[in-house]
Amino acid sequence: MLPTRLIRCAMALFALLASVLPAAADDITFSGEVTYRERIALPAGVELRITLVALPGAIPVAGATADTVGRASAPLQFALDVRSNVIRPDRDYGLVAEIRSEGRTLFRSQQPVPVDPAAPTHTVILVTLSPDPPHQQKETILPPVETPNPLLETIWTVTSIGGEPTLPGSKVTFSIAADYRAGGNSGCNNYFTEAGFTEPPLAFGPIAGTRMACAPDIMAQETRFFAALGATVGYELSGNSLKLVDAAGVPLVGLVRQD
């Protein structure tokens, strides 16, 4: 068995936040191994992806991907470092894993493996073959065609929160970068979070930002906006208009694309 490569990656988001947040929080390290039962050798240069998700709903919180070294075989060892200030004491968490090659998922975990951020232990993640394993594919494999996500690299202006128009003179903005870092200005503070486009179709991680004090009505609007982002589980896009919706499909935030 050839050696494998450890994954050690904190979310890039927190490098960005270092200038606006208090002194760095302690890292929480989740470590363990990813294995599978099938007797299938992995091709050279596969990638291992580990993601910390919030439960229920498997909402992505932090993740990292690393190449294995040479022709790897199970088990694959991992260590994922996450800043403690993204962990909420009132939520449960789990780890999911994927083994990828040339844009295809070879193995994936079917369910998150629960973990305890307060006392992380060695975690074993069992992955299973994806529905289209490489030995069943045709000899000629075309590269995957990626459909551009229309929400990325676009600046939106918030027009309503919870069905109420935003306050006159308060410009609330929102955008999602190509690496899924999200944020903007709440009308008072700059804010930062991370978007996830798995299940549910769209969700956001913990929100951090600057701590300026503004007029009470502006601060109240900011609180409602952040709560709406936290409750988002999907979106509706129509032309230049975007709606963030909850589990029942009720619009939480209305937005329009900036020219």
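Note that the coordinates shown come from a computational prediction; the quantities given were computed from them, not determined experimentally.

(A) How the structure looks around the environment of Asp179. Within the element layout of this structure, Asp179 appears in the loop between strand 12 (173-176) and strand 13 (181-185). Taking the relative accessible area as the measure of exposure, Asp179 reaches 39% and is therefore partly exposed. When the C-alpha atoms of Asp179 and Glu194 are compared, they prove to be 8.8 Å apart, with 15 residues separating the residues in sequence. At 2.8 Å, the side chain of Asp179 forms a polar contact with the side chain of Arg181.

(B) Spatial organisation of the side chain of Asn189. Relative to the assigned elements, Asn189 resides in the loop between strand 13 and strand 14 (190-196). We classify Asn189 as buried; its relative accessible area is 3%. Side-chain polar atoms of Asn189 contact the backbone nitrogen of Met212, separated by 2.5 Å. Here the side chain of Asn189 touches Glu222 through a polar contact of 3.1 Å, side chain to side chain. The residues contacting Asn189, other than those within four sequence positions of it, are Gly184, Thr210, Arg211, Met212, Met219 and Glu222.

(C) Highlighting the state of the cysteines. Applying the stated criterion across every chain yields a total of 1 disulfide. Linked covalently through their sulfurs, Cys188 and Cys214 form a disulfide whose S-S length is 1.9 Å. The chirality of the disulfide connecting Cys188 with Cys214 is right-handed, given an S-S dihedral of about 85 degrees. Here Cys188, found in the loop between strand 13 and strand 14, pairs with Cys214, found in the loop between strand 16 (208-209) and helix 2 (216-231); they are 26 residues apart in sequence, far enough to count as distant. Looking at Cys188, the relative accessible area reads 8%, which means it is buried.

(D) Highlighting the nonpolar core. Of all hydrophobic cores here, the largest spans 31 residues; its most connected members are Val34, Ile50, Leu52, Leu95, Ile99, Ile125 and Val127. Taken together, the elements giving at least two residues each to this core come down to strand 1 (27-35), strand 2 (47-55), strand 3 (59-67), strand 4 (76-83), strand 5 (92-101) and strand 6 (104-108). Apart from the residues lying within four places of it in its own chain, the contact partners of Val34 are Leu48, Ile50, Ala74, Pro75, Leu76, Phe78, Ala97, Ile99, Ile125 and Val127.

(E) Broad picture of the pairing of strand 3. Most of strand 3 is tucked away: 7 of the 9 residues are buried. Relative to strand 3, strand 2 runs antiparallel, the two sharing 8 bridges. Its bridge partner lying in strand 3, Val53 is registered against Pro60. In this antiparallel pair of consecutive strands, strand 2 and strand 3, the connection spans 3 residues, and Gly57 shows a positive phi of 100 degrees.

(F) Inspection of the sheet that holds strand 4 at higher detail. Pairing within the open sheet is mixed, and its 3 strands lie in the order 4-1-8. Of all strands in the sheet, those with a lone pairing partner are strand 4 and strand 8 (123-126), marking the two edges. Along the sheet, successive strands turn relative to each other by an average axial angle of 35 degrees, direction set aside. The pairing of strand 1 with strand 8 spans 4 bridges and is parallel. What sits directly across from Glu33, in strand 8, is Val124.

(G) Structural context of the pattern of salt bridges. A complete count under the given rule lists 5 salt bridges for this structure. One salt bridge connects Arg108 with Glu98, and the closest N-O pair in it is separated by 4.0 Å. Highlighted residues: Arg108 in strand 6 and Glu98 in strand 5, separated in sequence by 10 residues. For Arg181, the salt bridge is made with Asp179, and the minimal N-O distance between the two is 2.8 Å. The network of salt bridges with shared partners includes Glu98, Arg100 and Arg108.

How each quantity is defined
- Residue numbering note: each chain is counted from 1, following its sequence as written.
- In keeping with the predicted nature of the model, local features appear solely for residues at pLDDT of at least 70, side-chain atom pairs appear and are counted solely at 80 or more, and the whole-chain, interface and lining totals rest on all residues.
- As a convention, hydrogens and water are excluded, and side-chain values are obtained from all of the structure's heavy atoms.
- Helix and strand assignments come from DSSP, with helices taken as H or I runs of at least 4 residues and strands as E runs of at least 2, each series counted from the N terminus.
- Only protein chains enter the accessibility calculation, which uses a 1.4 Å probe. A residue is then buried if its area is under 20% of the maximum for its type, exposed if over 50%, and partly exposed in between.
- Any N or O atom pair separated by 3.5 Å or less is treated as a polar contact, with the protein-specific requirement of one donor-capable and one acceptor-capable atom, and with residues adjacent in sequence counted only for side-chain atom pairs.
- In what follows, residue pairs with any heavy atoms lying within 4.5 Å of each other are defined as contacts.
- When two cysteine sulfur atoms lie within 2.5 Å, the pair is treated as a disulfide.
- Each nonpolar core is a collection of buried residues, namely Ala, Val, Leu, Ile, Met, Phe, Trp, Tyr and Cys, held together in the definition by side-chain atoms within 4.5 Å.
- Strand pairing follows a simple DSSP-based rule, namely that at least 2 bridges must link the two strands.
- A fitted line through C-alpha atoms represents every axis, and for helices the fit uses only the stretch in contact; the resulting angles, taken between N-to-C directions, go from 0 to 180 degrees.
- Salt bridge criterion: a side-chain nitrogen from Lys or Arg within 4 Å of a carboxyl oxygen from Asp or Glu.

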